[in-house]
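# Breakdown of the fold
Spelled out from the first residue to the last, the chains are:
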Amino acid sequence: MSHRPIKDALQSLSRYADVVEQAVMGGTLAQESLAKPAVLALRQASALRAAGLDEWRLHPRLREYLQDHLQMFPKFQSLTDIGAKLTLISMLHSDALSSVSERDFESLESQLEAIETAVYDIADATDRNLTFLAGMVSTRYGDVRTLAAKIAQNRWYLKQSSQLGQDLTRLGVIVGRVEKDSEERGWAIAGLIRRVMLSKVHVWQHGLSDIQTQIREEIFRTRQIEADLRNLAKADQFLSKNPTWAGFDRDEDGLPEVFLRALLPRLVPHVEPTDADSSVRQDMRDLVIGLPAKKVVLPPVAPPALQVSRVSEADEGESESATPAAVALGDLMRDVLQAKEAISVLHWRRKSDAASQLAPGVWVFFAATALEAGPHRVDGKDVEFELEFLANPPESGRRVSRTFRDARVSLSKVLPARRIPREGVKV
């Protein structure tokens, strides 16, 4: 018998797989959305049927096969039940024993064939159930939008796996009894049961045990995420709604104030259970790498009047190796010594060519950190500076702000030379 028609049908399905996919996902297809060769080839392969004057639909058996193959299951899918098949095998075995006692060999043959079919069905359904559970566990089950739905989904699959475990326990008892009795009577069904089912029972049970362990771990991690989110919501409500709270107490003798008022970007909290997947992180990294470079067009700005850095004769030999930040810091200290009032660090940057090479936030943070770590030696004088941080306004519902936009520096005092530590910065 020639198999050429079967090959032609499979080649047509492969050549127009996109049309078949649209028919599976969307139901009916309009005539104007399909190419004429695709309709002719799929109609010849009996894959398309008419659904109206100008619409087509997929063959129902082909649709059923594709849905079963692709496992297009909902978010809470029940596993294939093998308990009914086990009950059927037990009943068929009892009927076979009755047929033997009544010497009805014709009925006995049909009953043994039914037992053989049920054995194959149970083995296939069990393999499919374990494959489905393993796939769902590896992909973190399905697409859910809320944490409550995620918890319900975890419990659902744990319940389904527990029922499957009970059926596997029953399988070992019922099928083992049928195999033992068939072996004693010399029925060929005994070898089939040993090869298809009894040799795989322990493998199925161990695989199901591993899957249940992963589901329980997922439930535990989800409960931890739920508890963390609950505590975070309580803390946010306390910080937003308590008008009498003045902020956290800190040690005045600890870190400098500049580190407690760091120029950090505002972070938007976003918690997603699937972010912990290595595959998800790799996909996100690939997407970011594949994004096109963003072109930024800056508006024309008139160049500000720059201040040429002043270098003394003593420091002339070291100026070649000094960084722009260090040069700008020395110029700022000299201007503070000559000024009669406090100087804004951010506004002073506009007049300095060295400080203009640094970003505004970097320059303010660097200058505030260095000036606060004094005393310093400037033009032969040992001086200390006083800093005043200009804090940003607090957010809505907050009373305390932990960020600053600028710092004002002024001369604090001039120290005698004998009191200056050896590690003071020389400018």
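Predicted model only: the values in this text are computed from it and were never measured. (Residues numbered from 1 in each chain as written. Predicted model: local features only at pLDDT ≥ 70, side-chain atom pairs only at ≥ 80, totals over all residues. Heavy atoms only, no water.)

## Quick look at the packing of helix H7 (residues 147-185) against helix H9 (residues 201-241)
- Packing of H7 against H9 leaves a shortest axis separation of 10 Å and a crossing angle of 160°. Between H7 and H9, the crossing angle belongs to the class labelled roughly antiparallel. In this structure, H7 meets H9 at a crossing whose hand is left-handed.
- Across the contact of H7 with H9, the residue classes tally to 14 nonpolar, eight polar and six charged. (Axes fitted to C-alpha atoms, helices over the stretch in contact; angles between N-to-C directions. Helix = DSSP H or I, 4+ residues; strand = E, 2+ residues; numbered from the N terminus. Parallel < 35°, antiparallel > 145°, perpendicular 65-115°, else oblique. Left-handed = near helix turned anticlockwise from the far one by under 90°. Nonpolar A, V, L, I, M, F, W, Y, C, P; charged D, E, K, R; others polar.)

## Some thoughts on the pattern of salt bridges
- Counted by the stated rule, this structure contains eight salt bridges.
- The closest approach of N and O atoms between Asp331 and Arg334, which form a salt bridge, is 3.4 Å. Of this pair, Asp331 and Arg334 both sit in helix H12 (residues 324-338), three residues apart, which is roughly one turn of that helix. Judged on exposure class, the residue Asp331 and its partner Arg334 are both buried.
- Residue Arg377 is joined to Asp382 by a salt bridge in which the shortest nitrogen-to-oxygen separation is 3.0 Å.
- For Arg377, a relative accessible area of 31% puts it in the partly exposed group.
- Counted as one network, the salt bridges with shared partners bring together Glu179, Glu183 and Arg194. (Salt bridge = Lys/Arg side-chain N within 4 Å of Asp/Glu carboxyl O. Buried < 20%, exposed > 50% of the residue type's maximum accessible area, 1.4 Å probe, protein only.)

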